[in-house]
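Here are the chains, one letter per residue:
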Amino acid sequence: MGQLLATAIARVKKRPLKNTILVLPITSLSDYAHLGPWIDHVARQTSDRLLIILSSPLFQPNAGINPIQSWIPMERLISFIYMRASSVAIAANRILMQIDVVLYSGKDTITSGLEKEKTFAWDRVFAPTIAEEYFPRWIPNIHRSLLRDSNGATAPNNTATSGWEGSQPRHAVVALGGTFDHLHVGHKILLSMAAWITERKIIVGITDDSLLTKKSNREVLESIELRMGSVRRFLELFRPDIEYEVVPISDVYGPTGSDPDIQALVVSKETLSGSQSIAKLRHERGLPALKTYVIEVISSDGTEGLVGEQDAEKLRTAKMSSSYIRQWIVEQSRK
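All values reported here derive from a predicted model rather than from experimental measurement.

About the criteria used
Residues numbered from 1 in each chain as written. Predicted model: local features only at pLDDT ≥ 70, side-chain atom pairs only at ≥ 80, totals over all residues. Heavy atoms only, no water. Helix = DSSP H or I, 4+ residues; strand = E, 2+ residues; numbered from the N terminus. Buried < 20%, exposed > 50% of the residue type's maximum accessible area, 1.4 Å probe, protein only. Contact = heavy atoms within 4.5 Å. Areas by Shrake-Rupley, 256 points an atom, 1.4 Å probe, with all protein chains shown as cover. Salt bridge = Lys/Arg side-chain N within 4 Å of Asp/Glu carboxyl O. Pairing = 2+ DSSP bridges. Axes fitted to C-alpha atoms, helices over the stretch in contact; angles between N-to-C directions.

Re the overall build of the protein chain
Okay, step 1: The helix and strand inventory of the protein chain stands at eight helices and 10 strands.
Okay, step 2: With 335 residues in all, the protein chain has 50% of them scored as buried.
Okay, step 3: The long-range fraction of contacts in the protein chain, counting pairs at least 24 apart against all pairs at least 6 apart in sequence, stands at 78%.
Okay, step 4: Carbon and sulfur atoms make up 51% of the accessible area of the protein chain, which totals about 16,100 Å².

So, in structure tokens, the structure goes:
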């Protein structure tokens with residue numbers, strides 16, 4: 001009887017929390033490898049949803065780092081965190097675990113969408129610091145766990161900021177496109193970086209159902225309405241202060257083929273060829289050329305980039321794709 005009770009207690013202790021928050025103070029966009037063990041620890045304890053808040057005065061609008069000039073280090077930071085958390089979830093077969101990474105400047109500004117999260121059923125908040133300036137004001141109401149020091153890492157202290165004077169900080173209107181089926185971390189990296197360099201409006205073209213008839217496991221592919229809703233909800237969390245135009249598209253161009261206000265285009269390696277077609281059409285129609293930004297997803301250890309022709313294979317192996325998620329859903333339904 002005693003052994004059975006001990007076993008039952010052990011199982012309860014090992015049971016993951018459903019919904020958790022991880023607050024990570026950021027001192028520099030280039031110093032992030034030490035965050036890995038903290039991300040691993042919290043991701044292992046989470047079953048349904050993990051919200052990671054990157055907290056730093058570096059993200060203060062008009063006073064922090066310049067978004068356009070910091071494109072590469074910001075992309076590497078966000079990609080590392082998403083890939084690290086996703087790797088843990090995949091290893092635990094929690095393929096549908098929701099992972100979101102947001103920015104917090106300590107001023108409730110750029111990520112004021114966090115305010116809407118205060119009514120969510122959070123189980124616990126993890127952080128390597130107890131300093132209140134790194135937390136949205138409603139977080140102290142949730143049970144908190146202090147994380148152990150990770151390789152000598154410390155919370156930010158008077159983090160230096162550069163300001164945006166004398167340079168273009170953001171593009172007024174930024175566009176991107178894709179299928180966005182079963183919104184996963186790869187999609188969120190793409191959307192986050194587009195929103196990061198957007199000043200006023202972001203346009204997201206969502207591939208219409210009529211173009212997806214040849215997709216594998218199409219029976220579990222989300223409808224255009226569901227996919228548009230997922231994209232909009234994520235953008236409202238990441239950048240609630242800008243305008244969103246989330247529209248169905250039936251060709252590679254969408255609004256980029258006619259809208260003269262669009263200034264920049266964000267693409268992945270997979271869709272880079274489409275940007276060349278867009279550039280050609282805009283030139284033919286006398287529309288302004290677009291500044292193109294290409295996502296270079298990095299690995300979960302923060303050391304090796306996914307570059308060249310190995311991109312697609314590595315992402316497939318990492319199981320960060322809609323096709324893998326659909327296959328997993330089909331396999332689970334057969335069990």
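Back to the write-up after that little detour.
A short note on the environment of G286
Okay, step 1: The topology assignment puts G286 in the loop between α6 (272-284) and β10 (291-295).
Okay, step 2: Measuring from C-alpha to C-alpha, the distance between G286 and P260 comes to 9.1 Å, with 26 residues separating the pair along the chain.

Thoughts on the pattern of salt bridges
Okay, step 1: One pass over the structure, following the stated rule, counts 13 salt bridges.
Okay, step 2: D100 is paired through a salt bridge with K188; the nearest N and O atoms lie 2.8 Å apart. With D100 in strand β3 (residues 98-104) and K188 in helix α4 (residues 185-196), the pair connects residues that are 88 residues apart, well separated along the chain. Considered together, D100 and K188 belong to a single accessibility category, that of buried residues.
Okay, step 3: Of the charged contacts in the structure, one is a salt bridge between E115 and R137, with a shortest N-O distance of 3.7 Å. Of the two residues, E115 sits in the loop between β3 and β4 (124-127) while R137 sits in the loop between β4 and β5 (144-146), which places them 22 residues apart along the sequence.
Okay, step 4: Classification of E115 by relative accessible area gives partly exposed; the value is 25%.

Observations concerning the sheet that holds strand β2 (residues 46-55)
Okay, step 1: With parallel pairing, five strands are arranged side by side in an open sheet as β3-β2-β1-β4-β5. In this open sheet, the two strands that pair with only one neighbour each are β3 and β5. Averaged over all pairs of adjacent strands, the angle between their axes in this sheet comes to 20°, without regard to strand direction.
Okay, step 2: As judged from the eight bridges shared by strand β1 (residues 17-25) and β2, these two strands associate in the parallel manner. Across the sheet, I21 pairs through a bridge with L51, a residue of β2.

Overview of the environment of A175
Okay, step 1: Mapped onto the secondary structure, A175 falls in strand β6 (residues 171-178).
Okay, step 2: Judged by its relative accessible area of 1%, A175 is buried.
Okay, step 3: Each C-alpha atom, one on A175 and one on L265, is 5.0 Å from the other, the two residues being 90 residues apart in sequence.
Okay, step 4: Among residues more than four places away in sequence, those in contact with A175 are I203, T256, I262, A264, L265 and V266.

It is worth stressing that arrangement in space is one thing and function is another; only the former is reported here.
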